[in-house]
Amino acid sequence: MNSKIKNYVDVLFSDIPKGKKANELKEELLSNMSERYNDYIDEGKTENQAYSLVISNLGNVDELLADVIPDAEFKQEARFYRVRNARNTAISVAMYIIGTVFVIGLGGLSESFGGRDYSVLGVIILLIFVAIATGLLIYTNLSTPPEYKDYDEKKERECRLYTGKQGRVLKSLLSVYWTFITLVYLAVSFFTMQWHVTWMIWLLAVVFQGIIKTIYEMRHDDE
Amino acid sequence: MLVISDVIRGFTDSIILAQLSKGDSYGYEINKTIQAITDGEFELKEATLYTAFRRLEADGCIISYWGNENTGARRRYYTITEEGRAVFKENLTDWNRAKEMINDLLNKEGL
């Protein structure tokens with residue numbers, strides 16, 4: 001493949017946000033232009049002649065490119081799915097962890113109260129939570145149309161989020177958060193001396209971090 | 001003055017459907033066929049061609065799929081749908097009528 005043609009097409013698409021439609025058009029243009037170029041070379045034209053003929057044959061691509069730019073409606077829908085999926089994932093992870101808390105908590109309860117054994121109840125609750133959370137994850141994944149999965153506005157946005165002023169705010173916020181969690185963990189552990197249970201604070205902290213990030217991203221989405 | 005290529009451009013969609021009704025094809029090949037049929041006198045700009053592909057696909061007249069070429073870039077092939085064939089047949093009938101009418105209007109002596 002001629003690298004000059006590839007460069008030309010890359011420049012054409014440099015301002016276009018990456019999406020399924022844009023990628024497909026790019027690949028289609030590139031393969032057809034390369035074939036045309038090779039035919040010109042086979043006819044005995046020089047590389048420069050072939051290149052300029054291929055470019056002049058392309059014509060005005062403005063309308064074509066406008067067609068593959070994700071429009072406002074698409075962006076809004078992509079945002080809807082992203083927020084919904086982030087929320088559902090957070091809920092599912094929380095349910096997995098809360099289910100585990102029930103197993104450990106009810107197991108501990110049985111020990112302290114002697115009489116009844118609640119650990120089976122804990123396992124049953126865990127299984128119910130796992131079933132709901134897994135179902136939610138599968139539903140979320142299957143109900144997201146593929147073109148929204150491919151659309152990587154998120155990447156662009158994340159780059160902005162983690163490099164700009166907002167990114168620095170989020171970073172310092174998170175470092176304060178983790179210091180705070182460490183203090184809470186040590187305080188609770190030494191106070192209760194229940195080290196076999198308190199490690200769960202770390203799992204909960206991860207879930208809360210996800211929730212904080214999601215809320216933060218949602219609040220700064222429109223800027 | 002009548003510019004032939006402008007007249008032909010109005011029929012871009014029908015021309016593409018005509019080529020695809022002979023079998024699946026891809027952008028450059030369709031353009032080569034058009035060039036061959038018109039003895040090199042006419043060729044679609046690629047931008048025009050791909051814009052028409054998008055339009056026809058959105059209207060359900062054609063479907064695209066990717067070929068699996070062993071060497072080089074993948075080709076995007078297009079195939080005509082039943083709906084596309086119906087549209088093409090209609091366009092062909094319309095064109096034949098229009099051709100006769102314009103011929104009559106330009107050539108025939110007035111009554």
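Residues numbered from 1 in each chain as written. Chains lettered and ligands numbered in written order. Predicted model: local features only at pLDDT ≥ 70, side-chain atom pairs only at ≥ 80, totals over all residues. Heavy atoms only, no water.

Draft legend 1. Structural context of the overall build of chain B. Within chain B one finds 5 helices and 3 strands. Moving toward the C terminus, one meets the helices and strands of chain B in the order α-α-β-α-α-β-β-α. Scored against the burial criterion, the 111 residues of chain B give a buried share of 32%. Approximately 7,100 Å² of chain B is accessible, and the part contributed by carbon and sulfur atoms is 54%. (Helix = DSSP H or I, 4+ residues; strand = E, 2+ residues; numbered from the N terminus. Buried < 20%, exposed > 50% of the residue type's maximum accessible area, 1.4 Å probe, protein only. Areas by Shrake-Rupley, 256 points an atom, 1.4 Å probe, with all protein chains shown as cover.)

Draft legend 2. Highlighting the pattern of salt bridges. Taken as a whole, this structure holds 13 salt bridges over all chains when the rule is applied. Note that Arg74 of chain B and Glu27 of chain A form a salt bridge whose closest N and O atoms lie 2.9 Å from each other. Separated into two different chains, Arg74 of chain B in the loop between strand E2 (62–66) and strand E3 (76–80) and Glu27 of chain A in helix H2 (residues 20–42) make up a pair that spans both. On the basis of relative accessibility, which here comes to 35%, the residue Arg74 of chain B falls in the partly exposed class. On the basis of relative accessibility, which here comes to 24%, the residue Glu27 of chain A falls in the partly exposed class. Salt bridges linked by common partners bring Glu24 and Glu28 of chain A together with Arg54 and Arg76 of chain B together as one network. (Salt bridge = Lys/Arg side-chain N within 4 Å of Asp/Glu carboxyl O.)

Draft legend 3. Inspection of the packing of aromatic side chains at higher detail. Scanning all chains against the criterion turns up 12 aromatic pairs over all chains. Summarising the aromatic geometry, the rings of Phe80 of chain A and Tyr81 of chain A are spaced 5.2 Å apart at their centres and angled 70° between planes, so their arrangement reads as edge-to-face. Cluster of aromatic residues (ring-pair linked, three or more members): Tyr177, Trp178, Tyr185, Phe190, Trp195 and Trp202 of chain A. The aromatic ring of Tyr51 of chain A is capped on one face by Lys4 of chain A, whose charged end is 4.5 Å from the ring centroid. The lysine or arginine in question, Arg74 of chain B, covers the ring of Trp66 of chain B, its NZ or CZ lying 4.4 Å from the ring centre. (Phe/Tyr/Trp six-rings, centres within 6.5 Å; stacked < 30°, edge-to-face > 60°. Lys NZ or Arg CZ within 6 Å of the ring centre and 35° of its normal.)

Draft legend 4. Highlighting the environment of Ser189 of chain A. Residues and elements named next belong to chain A. Mapped onto the elements of the fold, Ser189 is located in helix H9 (residues 165–192). Taking C-alpha positions, Ser189 is 8.6 Å from Trp199, a pair spaced 10 residues apart along the chain. Residues in contact with Ser189, not counting those within four places in the same chain, are Gln194, Trp195 and Thr198. A distance of 3.0 Å separates polar atoms of two side chains, one belonging to Ser189 and the other to Thr198. (Contact = heavy atoms within 4.5 Å. Polar contact = N/O pair within 3.5 Å; in protein donor to acceptor, adjacent residues only side chain to side chain.)

Draft legend 5. Layout of the layout of surface pockets. All names here are of chain B. Computed from the structure, the second largest pocket encloses a volume of approximately 380 Å³. Elements that contribute at least two residues to the lining of the second largest pocket include exactly helix H1 (4–9), helix H2 (12–20), helix H3 (27–37) and helix H5 (82–107). Across the lining of the second largest pocket, the residue classes tally to 11 nonpolar, 4 polar and 1 charged. (1 Å grid on protein atoms, 1.4 Å probe; cavity = no way out; pocket = protein on both sides within 12 Å on 5 of 7 lines; lining within 4 Å. Points joined across faces, edges and corners; volume = space filled by probe spheres on them. Nonpolar A, V, L, I, M, F, W, Y, C, P; charged D, E, K, R; others polar.)

Function cannot be inferred from these measures alone, as they are strictly geometric.
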